[in-house]
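# Overview (structure and organization)
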Amino acid sequence: MTSKINELADKIYQEGVEKAELEAQKILSEAEGKAAQILNDSEQKAAKTIADATQKSKEIFNGIHDELNSLSNQVIAVTQQKITDCILTDASQQITNELLDDTNFVQSFFLDLVKLWENNTTSADDLVAQMSEEQLTKLQEFFKSKAYESLMSQPQIEIGKNIRKRISNSIK
């Protein structure tokens, strides 16, 4: 009888161990599934975060690129305007000095202006200096030649091909 009780106890014990092992396998399997799901979710979130960061960095890069293009165009435009202003200032100073040194021109200009003013009943604001076509042609030729001389006396400024390539590559 003792042996039957021992057999029965062993059998009950064995069944309990098997049930416990099955339950442990089930719990372990569920835990592995949840861990795989958590890992998969984490990888998806990481991939989304990387994609968002990449997109944002592209947007920032494009914004900076556009800003640099705009600034470089502004710098070029301002530089061109400054050069033009310098040339025009120099040319106009030379022309003015030479015209004022030409006493015949100054005298005839002011005489014509005074005659116009005397003959005109309008205000000084409406006064227009009139010249003959010959005087106008001479004056235009004078201005053109002095402006040309001024341009030719200025140092030439050129942007070399290597610098252009560097600027264009750095902006891209």
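Above this note sits the structure.
A brief structural summary. It should be emphasised that the depicted structure is a prediction, and the values quoted were computed from it without experimental measurement.

So, about the overall build of the chain. Of regular secondary structure, the chain possesses four helices and zero strands. When the helices and strands of the chain are placed in sequence order, the string is α-α-α-α. Per-residue burial for the chain yields a buried fraction of 7% across its 172 residues. A sequence separation of at least 24 residues applies to 63% of the contacts in the chain between residues at least 6 apart. Summed over all atoms, the accessible surface of the chain reaches about 14900 Å², with 58% contributed by carbon and sulfur.

A grouping of Ile 60, Ile 64, Leu 68 and Leu 71 is seen on the molecular surface, where their side chains present a nonpolar patch of about 340 Å² in accessible area. Mapped onto the secondary structure, Ile 60 falls in helix H1 (residues 2-101). Residue Ile 60 is classed as partly exposed on the basis of its relative accessible area, which comes to 47%.

About the cut-offs
- Residues numbered from 1 in each chain as written.
- Predicted model: local features only at pLDDT ≥ 70, side-chain atom pairs only at ≥ 80, totals over all residues.
- Heavy atoms only, no water.
- Helix = DSSP H or I, 4+ residues; strand = E, 2+ residues; numbered from the N terminus.
- Buried < 20%, exposed > 50% of the residue type's maximum accessible area, 1.4 Å probe, protein only.
- Contact = heavy atoms within 4.5 Å.
- Areas by Shrake-Rupley, 256 points an atom, 1.4 Å probe, with all protein chains shown as cover.
- Patch = residues over 30% accessible without salt bridge, like charges linked within 9 Å, V, L, I, M, F, W, Y side chains within 5 Å.
- Salt bridge = Lys/Arg side-chain N within 4 Å of Asp/Glu carboxyl O.

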